[in-house]
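As a plain string of letters, each chain reads:
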Amino acid sequence: MQLNQIEAVVAIAETGSFRKAAVFLGRTQPTLTKSIKALEETINLIIFERTPRGVRLTEGGEKIYKRACTIMSDVRALEDEVSQMAGIDGGHIRVGVSPVGGTVIMPRVLQQFRRRWPRVEVDLLNVMYPDSINMLREAGLDMVIGPVPTLDPHGTVTVEHLFDMDALVVTHKSNIKRNFTRLDDLMDEHWIVLGSKEGPSSLYSGAFSASDGKLPRAFTNCHSLSSTVAMIAETGAFCILSQQLFDSIPPSQGIVRLPIEDELPSFKLSFLTQKSRPLTPAAAELAQHIRRRAKTLVRSGYSSDGPLE
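Because the structure is predicted, anything quoted here is derived from the model rather than measured.

> Tell me about the pairing of strand 4 (residues 121–126), and name the residues and values.
Taken together, the six bridges between strand 3 (residues 92–97) and strand 4 define a ladder with parallel strand orientation. Bridging from a neighbouring strand, G96 pairs with L125 of strand 4. A crossover connection joins strand 3 to the parallel strand 4 through helix 5 (residues 99–113); in handedness this β-α-β unit is right-handed.

Put into structure tokens, the structure is as follows:
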């Protein structure tokens, strides 16, 4: 198995065509076809199957593709590291961010980072758990800032606690139940979950565990803060947000906090990296800026948990 074959697998899978992949890689289509055929014979596995619209990965090909993506990501990271060690300003860093990470932490972080690394390309991807963890493990991300459930400390991901964020129940100011104080009284209302039910919104279930373990009968999943706010404003639905996210919503949107007396869980904002994949010099410096920004926020009273451990 050769590196150019691994590169070809990724290109074909992502373009859906041998012809487009050949153009992208600067090779001829017959050469690319011959290379993939040789790879399939070597591993005794069909990677691609032809369809009327191009090609697609087989079940086994999906596994090969994911591994190939990890390998190519490591190759690019190695190239970036060698260049940066030689004093060359360049490279690529991919950061998965939650709404708080993207709006509160990264703007100031990038301002500081650009003083040393003005030419490094930084991609900020709005992604939440569990997608963020999966992308990190598969080398689709270099680091993640966001709330995550407790992970196995002996797993492949390093989790650094940044700070805690208090949870609030919110709705639109036009909702006649905006002053309700008990979760039990809101069981039959329309609820919206920000993110995946398997992710930080699992705290949503936790908030109702004190109410005999019952859950609202209907709710909607939104995967962006702007969509969530728009849905609340239009439908008068209820939602659990962190205090920090609530504070970031303009008052003109009419989103208000309910005076809930029940104890609500807190969101733990964390910084995640892959244990087995060392950061490039530029990425390591970006990580340090992220940690310093979090400490500054804690000292300024932004979080609910006091000094960082």
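> Describe the layout of surface pockets, with residues and values.
Empty space among the atoms can be located by rolling a probe the size of a water molecule over them. Estimated volume of the largest pocket: approximately 440 Å³. Around the largest pocket sit 18 residues that line it, and V10, E14, C69, M72 and R76 are the ones nearest its centre. Put simply, the parts of the chain that give the lining of the largest pocket at least two residues each are helix 1 (3–15), helix 2 (18–25) and helix 4 (59–85). Top element by residues in the lining of the largest pocket is helix 4. It accounts for six residues. Per-class residue counts for the lining of the largest pocket are nine nonpolar, three polar and six charged.

> So what's going on with the pairing of strand 1 (residues 48–51)? Which residues, and what values?
In this sheet, strand 2 (residues 54–57) lies alongside strand 1 in antiparallel orientation, the contact comprising four bridges. Counterpart to F48 in the pairing with strand 2 is L57. Between the antiparallel neighbours strand 1 and strand 2 lie two residues.

> Provide a residue-level description of unusual backbone geometry, including the pertinent values.
Of note, the amide linkage connecting Y129 to P130 takes the cis form, showing an omega dihedral of 10 degrees. Even without being glycine, N44 reaches a positive phi, approximately 55 degrees. Looking at the element boundaries, N44 is found in the loop between helix 3 (29–43) and strand 1. The exposure class assigned to N44 is exposed, which follows from its relative accessible area of 71%. Located in the positive-phi region is A139, a residue other than glycine, with phi close to 70 degrees. Its relative accessible area of 3% is what places A139 among the buried residues.

Thresholds applied
Residues numbered from 1 in each chain as written. Predicted model: local features only at pLDDT ≥ 70, side-chain atom pairs only at ≥ 80, totals over all residues. Heavy atoms only, no water. Pairing = 2+ DSSP bridges. Helix = DSSP H or I, 4+ residues; strand = E, 2+ residues; numbered from the N terminus. Right-handed = clockwise from strand over helix to strand, strands pointing away. 1 Å grid on protein atoms, 1.4 Å probe; cavity = no way out; pocket = protein on both sides within 12 Å on 5 of 7 lines; lining within 4 Å. Points joined across faces, edges and corners; volume = space filled by probe spheres on them. Nonpolar A, V, L, I, M, F, W, Y, C, P; charged D, E, K, R; others polar. Buried < 20%, exposed > 50% of the residue type's maximum accessible area, 1.4 Å probe, protein only.

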